[in-house]
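The lines below spell out each chain.
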Protein chains: 2
Amino acid sequence: MNATIVEVARKSGTSLSTVSRVLSNSAYPVNEKTRKRVVEAAEALGYRPNSAARMLRSRRSMYIAAIVPSLNNPFYSTVISAIEQEVLASGYMLQMYSSNNDPELESRLLDLIGSVQAAALLISSMNWNEKLERKIRDLGIPAVFFDQIPEGYSGHYVGFDFHEAGRMAAEFLISEGHRDIAFGCGPFDRESRRQYRNGFCEVLDEAGISSADAIVSIAGAGSMHEYEMGVAIADELLRRKGMPTAVAVINDIAALGVIKRLEIGGVNVPFDVSVMGFDDIPYGFMMTPSLTTIRQPAEETGRMATRLAVSLIGDPGSECMNEIFHPVLIRRESVRRIGRIERKENSYND
Amino acid sequence: MNATIVEVARKSGTSLSTVSRVLSNSAYPVNEKTRKRVVEAAEALGYRPNSAARMLRSRRSMYIAAIVPSLNNPFYSTVISAIEQEVLASGYMLQMYSSNNDPELESRLLDLIGSVQAAALLISSMNWNEKLERKIRDLGIPAVFFDQIPEGYSGHYVGFDFHEAGRMAAEFLISEGHRDIAFGCGPFDRESRRQYRNGFCEVLDEAGISSADAIVSIAGAGSMHEYEMGVAIADELLRRKGMPTAVAVINDIAALGVIKRLEIGGVNVPFDVSVMGFDDIPYGFMMTPSLTTIRQPAEETGRMATRLAVSLIGDPGSECMNEIFHPVLIRRESVRRIGRIERKENSYND
DNA sequence: CTCCATATAGAAAACGTTTTCTATAAATAG
DNA sequence: CTATTTATAGAAAACGTTTTCTATATGGAG
């Protein structure tokens with residue numbers, strides 16, 4: 001099987017202690033000549049340290065664990081890529097799992113992570129309760145929440161200002177001359193969505209537009225695919241008497257559903273109705289019309305969360321650290337300025 | 001810190017051997033009464049086995065490692081999700097890394113994987129050479145390639161019939177009445193693409209259509225984003241004297257670039273030119289026009305590769321196992337039948 | 001020249017398990 | 001009633017490292 005440190009010791013004519021010191025480049029002084037012999041022997045034998053033994057004895061973990069709701073969501077896959085890079089760059093290895101936002105699965109995953117002795121936990125979850133809190137605390141390792149921060153959570157996190165994003169969406173639509181505005185979404189089952197809605201409605205109300213009528217919330221959307229939800233939102237819009245001039249949708253995929261359904265219903269986007277997304281999925285600018293949306297910085301979130309976690313490893317008692325990212329507006333074609341009727345110049349690129 | 005088996009033994013008034021037997025549910029008989037005591041003590045202490053110790057002593061790994069070119073690619077993220085599920089279901093844990101198809105990084109990752117003592121390796125790579133072969137062999141664990149199978153590789157794999165996919169694309173276009181057909185792609189730097197091209201051209205030639213003129217290969221596309229490549233393909237098409245009636249594109253994202261660029265150039269898809277994709281990204285049916293394409297079964301690939309790997313763990317000498325999946329045609333709107341001029345009925349769903 | 005620090009390296013302990021070995025009591029076979 | 005399984009459980013070894021402890025030269029300081 002794999003060569004062990006003992007075989008390297010035998011081959012290099014030294015003791016196992018010496019070999020360990022060389023190969024784990026400890027601070028302990030070892031003669032240059034000997035070091036060379038050891039390195040050569042290890043090389044020749046194709047020695048690779050057994051990480052289980054190493055972790056066991058040194059009581060140091062080489063793993064950072066991450067839990068995201070889904071890997072298929074382009075936002076999270078971007079975050080995860082950034083996390084992966086940063087984790088490797090910090091000398092750790094990544095153990096990544098997806099939870100589907102299922103509390104049951106989340107709990108099982110935390111047990112697994114507990115038994116692999118990860119050095120830190122990165123997690124994005126919409127659930128927060130006694131049980132989860134205890135489970136995470138029992139892990140005895142620093143945990144960093146990122147992206148959505150569940151209500152009541154009070155620990156380290158790298159978040160995003162969903163409230164500001166909601167405000168930004170509404171402000172932009174109003175600044176483009178819209179007054180008759182709808183807000184399409186599913187149930188408000190997570191804090192992030194409530195915040196977005198609050199920000200959005202706040203601005204509407206400030207502008208003297210009734211936000212109560214604006215909301216088109218698809219009740220049973222919890223189990224629906226985002227796209228279907230968008231279709232349902234557009235259905236509802238088409239059913240109403242008066243069409244708004246603009247609709248903000250809770251995420252990009254749903255926005256695509258809205259657009260497709262409206263187009264089929266004979267309503268042109270953006271000429272009859274403007275549609276505004278949220279997320280900035282990488283396909284938004286490839287569409288026709290390309291999607292005006294709001295971006296949450298995904299790489300930055302992943303990187304920052306990882307850095308924070310790494311810095312927390314080894315000093316557990318530190319007070320709550322956090323970082324909040326801000327939304328950035330991505331102006332493209334799916335929202336048009338009211339009053340202008342000329343066709344906006346098309347572009348095939350961002 | 002975390003409770004150990006010894007503390008559980010003390011608390012339950014038994015020996016550490018007994019505790020181990022209970023908690024690792026070994027086949028060894030242990031009195032029901034005692035078992036209960038142990039379980040309760042473990043529960044009370046919140047005991048979680050230390051996987052490093054467990055792996056070290058039992059010489060069994062709990063990890064399956066996977067390397068994919070990219071996590072941001074929706075095809076791979078679907079594969080990875082399936083792998084994750086299947087790995088967990090088999091009682092293992094997943095260690096997943098992305099290589100960007102970079103041989104250097106691949107090699108580093110293999111070293112890492114070697115030292116974590118994974119039980120099996122799942123890998124999708126376009127590179128195959130002496131060095132990689134030796135590295136993988138040195139791991140001493142079963143390796144299963146999936147998706148693309150590099151030329152010269154002879155081991156376990158779960159593949160896809162790219163040649164058939166190429167044939168299918170060409171046959172479909174011809175069956176829809178097209179004779180003037182282009183094939184848009186980047187450099188043929190990987191076996192899978194060569195196979196697709198070969199199948200495609202084969203059918204063209206059989207039908208008496210010169211395949212040599214059909215190929216629009218963007219030279220510098222190696223470093224380009226797929227979408228840019230599509231734009232470049234369309235540019236080239238627009239530059240030519242005669243527009244083909246149909247263009248097959250090497251992947252969906254590039255197809256989106258082609259469509260957008262053609263539309264901007266005043267060429268309507270599918271009325272003036274039909275566009276055929278390849279991959280079936282999840283956004284294909286959300287677009288306008290929705291994308292006609294060919295699907296490689298991603299979940300099935302991930303699941304099958306994992307099952308194969310798991311079955312291979314522990315009997316290393318078995319001969320080369322493999323499984324090949326076949327393409328399935330996804331008919332949507334971006335390809336139209338030549339001769340028909342009525343607008344196909346739009347649908348907002350698959 | 002003696003004493004003490006220093007560089008170097010081997011011996012042994014330890015990490016938390018699983019597994020093998022050994023021991024005892026109960027149960028069955030003869 | 002003795003001999004031999006069988007059920008049960010503790011003791012001890014082992015997995016491959018890192019770390020602590022101990023030992024031996026070597027080199028200055030006095």
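Scoring rules and cut-offs
- Residues numbered from 1 in each chain as written.
- Chains lettered and ligands numbered in written order.
- Predicted model: local features only at pLDDT ≥ 70, side-chain atom pairs only at ≥ 80, totals over all residues.
- Heavy atoms only, no water.
- Near = heavy atom within 4 Å.
- Polar contact = N/O pair within 3.5 Å; in protein donor to acceptor, adjacent residues only side chain to side chain.
- Helix = DSSP H or I, 4+ residues; strand = E, 2+ residues; numbered from the N terminus.
- Nonpolar A, V, L, I, M, F, W, Y, C, P; charged D, E, K, R; others polar.
- Contact = heavy atoms within 4.5 Å.
- Buried area = accessible area lost by both parts, 1.4 Å probe.
- Salt bridge = Lys/Arg side-chain N within 4 Å of Asp/Glu carboxyl O.
- Disulfide = S-S within 2.5 Å.
- Buried < 20%, exposed > 50% of the residue type's maximum accessible area, 1.4 Å probe, protein only.
- Axes fitted to C-alpha atoms, helices over the stretch in contact; angles between N-to-C directions.
- Parallel < 35°, antiparallel > 145°, perpendicular 65-115°, else oblique.
- Pairing = 2+ DSSP bridges.
- Phe/Tyr/Trp six-rings, centres within 6.5 Å; stacked < 30°, edge-to-face > 60°.

Chemist: Lay out the protein's contact with DNA strand D with the relevant residues and their values.
Modeler: The local shell around DNA strand D holds 28 residues, among which S20(A), S15(B), Y28(B), T34(B) and R59(B) are the closest. In the interface set of DNA strand D, defined as its atoms within 4 Å of the protein, sugar plus phosphate atoms amount to 55%. Separating a phosphate oxygen of DNA strand D from a side-chain N or O atom of S20(A) is a distance of 2.5 Å. S17(B) is positioned with one of its side-chain polar atoms (N or O) 2.9 Å from a base nitrogen of DNA strand D. Secondary-structure elements contributing two or more residues to the surface near DNA strand D are α2 (16–23) and α4 (51–58) of chain A together with α2 (16–23) and α4 (51–58) of chain B. Of the residues in the surface near DNA strand D, the class split is 9 nonpolar, 12 polar and 7 charged.

Chemist: An account of the interface of chain A and chain B is needed here, citing residue identities and associated values.
Modeler: Between chain A and chain B, the residue contacts involve 56 residues of the former and 56 residues of the latter. Across the chain A to chain B interface the summed buried area is about 5,200 Å²; carbon plus sulfur atoms make up 58%. Our enumeration of links across chain A and chain B arrives at 0 salt bridges. Joining chain A to chain B, the criterion identifies 18 residue pairs in polar contact (both at pLDDT 80 or more). Counting residues per element, the side of chain A that touches chain B draws most heavily on helix α5 (residues 74–89) of chain A, which supplies 7 residues. A class-by-class count of the residues in the side of chain A that touches chain B yields 30 nonpolar, 18 polar and 8 charged.

Chemist: I'd like a rundown of the protein's contact with DNA strand C, residues and numbers included.
Modeler: Around DNA strand C lies a shell of 29 residues, among which S15(A), Y28(A), T34(A), R59(A) and S20(B) are the nearest. Expressed as a percentage, the sugar and phosphate content of the atoms of DNA strand C within 4 Å of the protein is 54%. One of the backbone nitrogen or oxygen atoms of I5(B) is found 2.7 Å away from a phosphate oxygen of DNA strand C. Between DNA strand C and R21(B), the relevant distance is 3.2 Å, taken from a base oxygen to a side-chain nitrogen or oxygen of the residue. Elements supplying a minimum of two residues to the surface near DNA strand C: α2 and α4 of chain A together with α2 and α4 of chain B. Across the surface near DNA strand C, the residue classes tally to 10 nonpolar, 12 polar and 7 charged.

Chemist: Can you tell me about the state of the cysteines, naming the residues and giving the values?
Modeler: All names here are of chain B. Enumeration over the complete set of coordinates arrives at 0 disulfides over all chains. We note that C185 lacks a disulfide partner, and the nearest cysteine sulfur, in C201, lies 8.4 Å from it. Residue classification places C185 among the buried residues on the basis of a relative accessible area of 1%.

Chemist: Describe the packing of helix α1 (residues 5–12) of chain B against α2(B), and please don't skip the residues or the numbers.
Modeler: Residue and element names in this part refer to chain B. In the contact formed by α1 and α2, the axes pass within 8 Å of each other and the chain directions differ by 105°. With respect to α2, the axis of α1 lies roughly perpendicular. Residues I5, V6, V8, A9 and S12 of α1 lie in contact with α2, whose contacting residues are L16, V19 and S20. Tallied by class, residues from the contact of α1 with α2 come to 6 nonpolar, 2 polar and no charged.

Chemist: Please provide a residue-by-residue account of the sheet that holds strand β6 (residues 181–185) of chain A, values included.
Modeler: Sheet strands associate in pairs through backbone hydrogen bonding, adopting either a parallel or an antiparallel arrangement. All names here are of chain A. Taken in spatial order, the 4 strands of this open sheet run β7-β6-β8-β9, and their pairing is parallel. Unpaired on one side and paired on the other, β7 (215–217) and β9 (274–276) mark the two borders of the sheet. Within this sheet the neighbouring strands show an average axis-to-axis angle of 20°, counted without direction. As judged from the 3 bridges shared by strand β8 (residues 246–249) and β9, these two strands associate in the parallel manner. Following the sheet pairing, A248 is matched in β9 by M276. The sheet contacts of helix α8 (residues 162–175) involve β6, β8 and β9, and relative to β9 the element is tilted by about 160°. Strands in contact with helix α9 (residues 191–206) are β6, β7 and β8; relative to β6, the strand with the most contacts, it is inclined by about 170°.

Chemist: Report on the packing of aromatic side chains, specifying residues and quantitative values.
Modeler: Residues and elements named next belong to chain A. Under the defined criterion, the tally for this structure stands at 28 aromatic pairs over all chains. Centre to centre, the rings of F160 and F278 are 6.2 Å apart; their planes meet at 25°, and the pair counts as stacked. Linking F160 in strand β5 (residues 157–160) with F278 in the loop between β9 and β10 (293–295), this pair joins segments that are 118 residues apart in sequence. For the pair F160 and F278, one class covers both residues: buried. Aromatic ring contacts, followed pair by pair, group F160, F162, F183, F188, Y196, F200 and F278 into a single cluster.

Function-wise, these values are silent; they only describe arrangement.
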